Amino acid sequence: MGQLSFQASNALIYLTYGAFLVIGTGVAWTLRKQGKGSFLSGNRTQTALPLALNFIASALGSGILFSYPQLATLAGVQGVMVYALSSALPLLVFSSLGPVIRRKCPEGFVLTEWTRQRYGTIAALYLSFMTLVTLFLYMVAELSAIGQVAGLLTGMDGLPVLIVECIVTTIYTSLGGFKISFFTDNIQGAMVIGLIIIATIAIGVETKIDTSLIESSGLTKPTLLGWQLLYILPVAILTNDFFLSSFWLRTFASKTDKDLLIGVSIAVVVILIIAVLVGCTGLIAAWAGIWPGDPDNPVDGSVAFFALLEQLPTWVVGVVLVMSVTLSTAAFDSLQSAMVSSASNDIFRNRLNVWWIRGGVVLIMIPVVVIAIRAPSILQIFLISDLVSAAVIPVLVIGLSDACYWWRGFEVVVGGLGGILTVFIFGTIYYGNALEGAQLILLEQGLYGEGWGAFGAFVAAPVGGLLWGFGALALRLTVQFLVSKKTGRRFDALDRPVQLSGEQGGSGVGNDNLVDEVDDGSDAPGLAKGSGKFF
């Protein structure tokens, strides 16, 4: 029970990939004559239900089969609920801020385009670097996860699975761009929902719970870790979602603000349910006596889900295997498409032929695969990105408020970098040496270790970022005041910008002609005079 044959495993994995390849390339062929704008984005083209399926497919990945059950074995019911809510609810930020940013930057399709208009080129490139690194880390984590899933479920070497997934998704996303990623995510999102229902019913029917273990496990009681995560996870996931241009592409693709709200709301509910169901497999494994198992050879919490599957019929393992491949493919093609769109818009301002961008993404797949094979921890990969976003995003979003017209790109860059430095300073003080302070930036001790190190890091990053940001503001205003005094010019750094008439400027991706416009938002029609400045 619980072990597929080598032949059956190969058939399920590669037939699933083959189906996505055929569907993806077939649809991509029908889009072969689309312009560059349509290849990179799909602004105002999608209704609520496709948006919901896309957010579901993009938000999940095969890594959830490790992280959610593991947290359940460490923080119990409290951990499951905190993680599930923290994963689902932050998506609502796209339905609330998406319309605001779209009004300010109607021709954009990623957050960096608004950043360029609001804060200038330097801040936009800074955010673009953070975004592209985040997408890279997420691709590494996703490949690492599916490789481990294939190994645990089938005993196969995970490397061929990684390579095939890269080849399949690269082929159809290179041919069809964002639209093909959106189309396949519709299918994959629907498949995931159906497969989750089947797997849930099977686990519920086949697993025998020892009720005497429920109380003794302690998993129904709150823990210190659970209370810490009540702060850490919402901050980490909410801020990191801002870095994922795959979400912003789908936000701008909504036909109306109402479609966006309905689509995101449906996705939040479905993701919440899926996260709770997957997380509960860790609890079930504990209450069925499967985890921690033999005291001399205990089962690690990160593989509690797979230990549970070993007790179930083989067909259930087959369903989970197909579901894992679907989850991974959906997440991975979204990340690839987002990287192409972000690189083209942010770095090359859509002037470079898209085929060169595609080629660059293909080359990036090589280090992604190499690092994924060697990645020590999927969770640590996510945590590094989460900590950086916790430092960068709070100082960035201040500019969304018209009342904060005096906030510039200088404050955003200094604040973000200062937030990361503050984590180092906190770690050095907390642990008593600089080496461990530096290691805290990489969260080498993980999120679930004893003590307050991780908690302190996620407090230091946003708070430190804001303090450094306002310090940079004071420094800038002081310098500008002294310069104005010396030169005899009027000090106008705090003057409210004057809104000009006309439509908002942008990168020109709203049409297939892609008329290139100025990079400096201060000269774009419709932007407030003085906006788009770095200093």
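Residues numbered from 1 in each chain as written. Predicted model: local features only at pLDDT ≥ 70, side-chain atom pairs only at ≥ 80, totals over all residues. Heavy atoms only, no water.

By the naming in an unreviewed UniProt entry, the protein chain goes by Urea transporter and is assigned to Lasiosphaeria ovina. Per its UniProt entry, the protein chain bears the Subcellular location (unreviewed entry) comment "Membrane". The UniProt entry for the protein chain carries this comment under Sequence similarities (unreviewed entry): "Belongs to the sodium:solute symporter (SSF) (TC 2.A.21) family." (UniProt positions renumbered as here; feature names shortened; annotations may be inferred.)

A.B. asks: For the overall build of the protein chain, give the residues involved together with the corresponding values.
C.D. replies: A tally of helices and strands in the protein chain yields 19 helices and zero strands. Over its C-alpha atoms, taken along the principal directions, the protein chain stretches across nearly 85 × 60 × 40 Å. Per-residue burial over the protein chain gives 58% buried out of 535 residues. Put simply, 84% of the contacts in the protein chain that link residues at least 6 apart link residues at least 24 apart. Split by element, the accessible area of the protein chain, about 21,200 Å² in all, is 68% carbon and sulfur. (Helix = DSSP H or I, 4+ residues; strand = E, 2+ residues; numbered from the N terminus. Buried < 20%, exposed > 50% of the residue type's maximum accessible area, 1.4 Å probe, protein only. Contact = heavy atoms within 4.5 Å. Areas by Shrake-Rupley, 256 points an atom, 1.4 Å probe, with all protein chains shown as cover.)

A.B. asks: Any chance you could break down the packing of aromatic side chains for me, citing the residues and the numbers?
C.D. replies: Across all of its chains, the model carries 18 aromatic pairs by this definition. Taken together, a centroid distance of 5.0 Å and an interplanar angle of 45° make the contact between Phe 66 and Phe 306 tilted. With a gap of 240 residues between them, Phe 66 in helix H4 (residues 64-88) and Phe 306 in helix H13 (residues 304-309) connect regions that are remote in the sequence. Here Phe 66 matches Phe 306 in class, with each residue buried. In textbook terms, an aromatic cluster arises when at least three aromatic residues are bridged by ring pairs, as seen for Phe 55, Phe 94, Phe 242, Phe 247 and Trp 248. (Phe/Tyr/Trp six-rings, centres within 6.5 Å; stacked < 30°, edge-to-face > 60°.)

A.B. asks: Account for the side chain of Ser 86, naming residues and giving values.
C.D. replies: Within the fold, Ser 86 resides in helix H4. Classification of Ser 86 by relative accessible area gives buried; the value is 5%. Polar side-chain contacts of Ser 86 include one of 2.6 Å to the backbone oxygen of Val 82. Once residues within four sequence positions are removed from consideration, Ser 86 is found in contact with Leu 233, Pro 234 and Ile 237. (Polar contact = N/O pair within 3.5 Å; in protein donor to acceptor, adjacent residues only side chain to side chain.)

A.B. asks: Describe in detail unusual backbone geometry, supporting the description with residues and values.
C.D. replies: The peptide bond linking Trp 291 to Pro 292 adopts the cis configuration, its omega dihedral lying at 0°. For Asn 350, which is not a glycine, the phi torsion comes out positive at approximately 65°. Of note, Asn 350 is situated in the loop between helix H14 (314-347) and helix H15 (354-374). The exposure class of Asn 350 is buried, given its relative accessible area of 2%.

A.B. asks: Please give an account of helix H7 (residues 121-154) that cites residues and values.
C.D. replies: Taking 1.5 Å as the rise per residue, H7 with 34 residues should run 50 Å; its terminal C-alpha atoms sit 49 Å apart, in good agreement. Of the residues trailing H7, Gly 155 is marked for its positive phi of about 80°. (Expected span 1.5 Å × (residues − 1).)

A.B. asks: Which residues make up the environment of Gln 34, and what are the values?
C.D. replies: Relative to the helices and strands, Gln 34 resides in the loop between helix H1 (6-30) and helix H2 (36-40). For the pair Gln 34 and Pro 394, spaced 360 residues apart in sequence, the C-alpha to C-alpha distance is 37 Å. A distance of 2.9 Å separates the side chain of Gln 34 from the backbone oxygen of Gly 176, its partner in a polar contact.

A.B. asks: Break down empty space enclosed by the protein for me, with residues and values.
C.D. replies: Within this structure, the stated rule accounts for six cavities of 30 Å³ or more. Considered as a void within the structure, the largest cavity measures approximately 560 Å³ in volume. For the lining of the largest cavity, the elements supplying multiple residues, two or more each, are helix H3 (48-59), H4, H7, helix H10 (224-241), helix H11 (245-253), H14 and helix H16 (378-397). Of the residues forming the lining of the largest cavity, the biggest block, six residues, is contributed by H10. Here the residues of the lining of the largest cavity sort into 20 nonpolar, eight polar and three charged. Within this model, the second largest cavity holds a volume of roughly 140 Å³. Lining the second largest cavity are 15 residues, and of these Tyr 431, Leu 440, Gln 445, Gly 446 and Ala 454 sit closest to its centre. Partitioning the lining of the second largest cavity into residue classes produces six nonpolar, six polar and three charged. (1 Å grid on protein atoms, 1.4 Å probe; cavity = no way out; pocket = protein on both sides within 12 Å on 5 of 7 lines; lining within 4 Å. Points joined across faces, edges and corners; volume = space filled by probe spheres on them. Nonpolar A, V, L, I, M, F, W, Y, C, P; charged D, E, K, R; others polar.)

A.B. asks: Break down the environment of Leu 447 for me, citing the residues and quoting the values.
C.D. replies: Along the chain, Leu 447 turns up in the loop between helix H18 (434-441) and helix H19 (453-487). A relative accessible area of 4% means that Leu 447 is categorised as buried. With near-sequence residues (within four places) excluded, Leu 447 lies in contact with Leu 225, Leu 229, Ile 232, Leu 233, Leu 379, Leu 383, Ala 454 and Phe 458.

A.B. asks: Pulling in residues and values, what's your account of the nonpolar core?
C.D. replies: Leu 143, Leu 229, Leu 309, Leu 447 and Phe 458 are the most contacted members of the largest nonpolar core, which totals 157 residues. With 16 residues, H7 is the single largest residue contributor to this core. With residues near it in sequence (within four places) discarded, Leu 229 still touches Leu 71, Val 82, Pro 234, Leu 447 and Tyr 448. (Core = buried A, V, L, I, M, F, W, Y, C linked by side-chain atoms within 4.5 Å.)

A.B. asks: How would you summarise the side chain of Thr 184 if you had to cite specific residues and measurements?
C.D. replies: Looking at the secondary structure, you find Thr 184 in helix H8 (residues 158-206). On the accessibility criterion, Thr 184 (2% relative accessible area) is buried. Sequence-distant contacts of Thr 184, that is, excluding residues within four places in its chain, are made with Gly 24, Tyr 172 and Asp 333.

A.B. asks: Pulling in residues and values, what's your account of the environment of Thr 170?
C.D. replies: Examined against the element boundaries, Thr 170 turns out to sit in helix H8. A sequence separation of 166 residues divides Thr 170 from Gln 336, and the C-alpha atoms of the two residues are 7.4 Å apart. Sequence-distant contacts of Thr 170, that is, excluding residues within four places in its chain, are made with Gln 336, Val 362 and Met 365. Separated by 2.7 Å, the side chains of Thr 170 and Gln 336 make a polar contact.

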